[in-house]
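Geometric and topological summary
Okay, here's what each chain looks like letter by letter:
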Amino acid sequence: MRFELVRNLKGDEILGKTLFDGYGKVLLPSGTKLNTPYINRIKQSGFYYIYIEDKELDDIKEDKKIDQLKQSTIERLPNVFTNIMQGNKDTVEESFKIVEDLAGYIATEGDVNTNLYEISKYDNYTYIHCVDTAIMSIFLGRSLDLKIEDLTELGISAMLHDIGKIKISNEIINKKEPLTKQEFEEIKKHPVYGYRMLKEAGVDNKNILSAVVEHHERVNGKGYPLGISGDKVSDYAKIISVCDVFTALSANRSYRERYNPNEAYEYIISNGDIMFDTKIVEKFKENFFIYPLGCCVKLSNGIEGYVVKQNKYFPDRPVIRVNYDHITKEKINSYEIDLLTTFNTIIESLVY
Ligand SMILES: [Fe+2]
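Residue positions are counted from 1 within each chain, in the order its sequence is given. Residue-level local features of this predicted model are given only where pLDDT is at least 70; pairs of side-chain atoms are given and counted only at 80 or more, and the full residue set underlies all totals for whole chains, interfaces and linings. Based on all heavy atoms of the structure, the side-chain values leave hydrogens and waters out of the count.

Under an unreviewed UniProt entry, the name given to the protein is HD-GYP domain-containing protein, and the source organism is Clostridium muellerianum.

**So, the coordination of the iron ion**
Every protein donor of the iron ion is listed here as Asp-162 (OD), His-190 (NE2), His-215 (NE2) and His-216 (NE2), and their distances to the metal cover 2.1 to 2.3 Å. The site at the iron ion holds four donor atoms, and with the angles between them running 85 to 174°, its shape is irregular. Coordination shells were defined by N, O and S atoms within 2.8 Å of each metal, extended to 3.2 Å for Na, K and Ca; water is absent from the atom set, which can make sites look incomplete. Donor residues for the iron ion sit on one chain with the sequence pattern D-x27-H-x24-H-H. Of this pair, His-190 sits in helix H9 (residues 190-200) while His-216 sits in the loop between helix H10 (206-214) and helix H11 (235-250), placing them 26 residues apart in sequence. As far as burial versus exposure is concerned, His-190 and His-216 are alike and both buried. Tetrahedral means four donors with every angle between 85 and 135 degrees, whereas square planar (four donors) and octahedral (six donors) require angles over 155 degrees between opposite donors and between 65 and 115 for all others; sites fitting neither are termed irregular. Secondary structure follows DSSP: runs of H or I at least 4 residues long count as helices, runs of E at least 2 residues long count as strands, and numbering of each begins at the N terminus. When a residue's accessible area, from a 1.4 Å probe over protein chains only, is under 20% of the maximum for its type it is buried; when over 50% it is exposed; and in between it is partly exposed.

**Focus on the domain arrangement of the protein**
What fixes the domain bounds is an automatic or database domain assignment. In terms of domain boundaries, the protein breaks down into domain 1 (2-57), domain 2 (64-287) and domain 3 (296-350). For domain 1 and domain 2, the distance between their C-alpha centroids amounts to 26 Å.

**Some remarks on the side chain of Thr-73**
Mapped onto the fold, Thr-73 is located in helix H2 (residues 64-85). Assessed through its relative accessible area of 2%, Thr-73 is described here as buried. Residue contacts for Thr-73: discarding those within four places in its chain leaves Ile-98, Leu-102, Val-131 and Met-159. Any two residues whose heavy atoms approach within 4.5 Å are treated as being in contact.

**Remarks on empty space enclosed by the protein**
Empty space among the atoms becomes apparent when a probe as large as a water molecule is rolled across them. Two kinds of site are reported from a 1 Å grid over the protein atoms alone, namely cavities, where a 1.4 Å probe fits but cannot get out, and pockets, open sets with protein on both sides within 12 Å along at least five of seven lines, and residues are called lining when an atom falls within 4 Å of a point. Grid points are joined across faces, edges and corners, and a volume is the space filled by probe spheres set on the points. Counting across every chain of the model gives two cavities of 30 Å³ or more. Size it by volume and the second largest cavity reaches roughly 30 Å³. As for the second largest cavity, its lining consists of Glu-217, Val-219, Val-233, Lys-238, Ser-241, Met-275, Phe-276 and Asp-277. Gly is put with the polar residues, along with every residue not named as nonpolar or charged; the nonpolar set is Ala, Val, Leu, Ile, Met, Phe, Trp, Tyr, Cys and Pro, and the charged set is Asp, Glu, Lys and Arg. When grouped by side-chain class, the residues that make up the lining of the second largest cavity number four nonpolar, one polar and three charged.

**Some thoughts on the sheet that holds strand E10 (residues 347-350)**
One open sheet holds the five strands; their spatial order is E9-E8-E7-E6-E10, and the pairing between them is antiparallel. A strand with exactly one partner marks an edge of an open sheet, and here the two such strands are strand E9 (331-338) and E10. Across the sheet, the axes of successive neighbouring strands diverge by a mean angle of 45°, strand direction being ignored. Strands were regarded as paired on the criterion that DSSP finds at least two bridges between them. Every axis in this analysis is a line fitted to C-alpha atoms, fitted for helices over the stretch in contact. Angles between the N-to-C directions lie between 0 and 180 degrees.

**Remarks on helix H13 (residues 278-287)**
Listed as buried for H13 are Ile-280, Val-281, Phe-284, Glu-286 and Asn-287. Counted as a polar contact is a pair of N or O atoms within 3.5 Å, where, for protein atoms, one must be capable of donating a hydrogen and the other of accepting one, and residues adjacent in sequence contribute only when both atoms are in side chains. The distance from a side-chain oxygen at the start of H13 to the backbone nitrogen of Lys-279 is 2.9 Å, and the residue carrying that oxygen is Asp-277.

**A look at the environment of Thr-126**
When you line up the elements, Thr-126 lands in the loop between strand E5 (119-120) and helix H5 (127-143). By relative accessible area, which is 15% here, Thr-126 ends up buried. When the C-alpha positions of Thr-126 and Lys-222 are compared, they lie 26 Å apart, and in sequence the two are 96 residues distant.

**Regarding the packing of aromatic side chains**
Think of it this way: a Phe, Tyr or Trp ring, Trp meaning its six-membered ring, pairs with another when their centres are within 6.5 Å, and the plane angle makes it stacked under 30 degrees, edge-to-face over 60, tilted otherwise. In total, this model carries seven aromatic pairs according to the counting rule given. Pairwise contacts between aromatic rings join Phe-246, Tyr-265, Phe-284 and Phe-288 into one cluster.

**Focus: the layout of surface pockets**
The computed volume of the second largest pocket comes to approximately 490 Å³. Lining the second largest pocket we find 21 residues, and of these Arg-2, Glu-4, Asn-8, Cys-296 and Tyr-306 sit closest to its centre. Those elements that provide at least two residues to the lining of the second largest pocket are strand E1 (2-5) and strand E8 (314-324). Of the residues belonging to the lining of the second largest pocket, the class tally is ten nonpolar, two polar and nine charged.

**Structural notes on unusual backbone geometry**
Omega for the peptide link from Tyr-224 to Pro-225 comes to 0°, which places this bond in the cis form. If you trace the backbone, Pro-225 turns up in the loop between H10 and H11. Phi angles above zero are rare outside glycine, and Tyr-313 is one such case at about 75°. Take Tyr-313: it is sitting in the loop between strand E7 (304-311) and E8. Residues other than glycine seldom take positive phi values, yet Lys-329 does so here, at roughly 65°. Counting through the fold element by element, Lys-329 comes out in the loop between E8 and E9.

**Points about the nonpolar core**
In these notes, a set of buried Ala, Val, Leu, Ile, Met, Phe, Trp, Tyr and Cys residues joined through side-chain atoms within 4.5 Å is what counts as a nonpolar core. Core analysis: the largest hydrophobic core is formed by 85 residues, its most contacted members being Val-80, Ile-84, Leu-160, Phe-284 and Val-297. The element best represented in this core is H5, accounting for ten residues. Sequence-distant contacts of Leu-160, that is, excluding residues within four places in its chain, are made with Val-80, Phe-81, Ile-84, Phe-96, Leu-198 and Val-212. Of all hydrophobic cores here, the second largest spans twelve residues; its members include Val-6, Leu-27, Leu-28 and Ile-50.

Here you go:
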């Protein structure tokens, strides 16, 4: 598979990875041969990048299991939120079980490299954002050696982190223009709203409650609602804040254009010890990579190629497969450049 910008699609490509809408329903299954109506549908649904089949990159595969788990979690999430809103104490704890399968799979078999993602404009209060943040938090928690029970708890906290936004009016949430001071003050209440909703629904797990109320706190004390700093911020909140910001920046927000994957990544790295905990940012760097598998990049020597393998601990130095001439754009016999051992070459940019 390769990672392709939707606006570059011509109409003869095969979809490499199933596309879902914001509610976990299949928009188009993998294997679909694209045509103009399908491409229009993909555009209307707000996708910027998708995965398409590419024979020369067929070693990059989707992880069907994690896609399945992600889809069923998204599908069941509206129900979880309704249970919490209605304060159905008996069903709330029960509904958290959906995270157990996700945490169990990631803890034992999940490969962070195959957690491939499309980039779409879904806003950050949607179910997709909640589940993406949960998946990423569980991966990050695994790298911090958390036990399986803790990973499940962390995943539940991440899944619920923005539940308080339900209490904020849609006009503010979807506003295209920058928020007024007053509107921003209202948005800033969502961690407390979420905390109260969970308490009222009978959730008494302190780790979950503090993760939800503290997910916008920052280690420099400049977060909200409490303005606490350093180790006063709970561990789960520190993990979730990194994943929340990364996932939100990778998506398109209503009031600005989306970041590219590398820009969102660099934003996190440059904020280690300012906004985020240094140790967690170090783990982020060890485990997540700047350029997703299958994306096309331009090297400092002018050559262009596709990211086919990551090098752990070196997020900006993956293995690149070159299969066309960057000047004539004609096919050539493919070869690979391992940036870990090619010292004088760096990635300059993504190829659009
Ligand atoms: Fe939030």
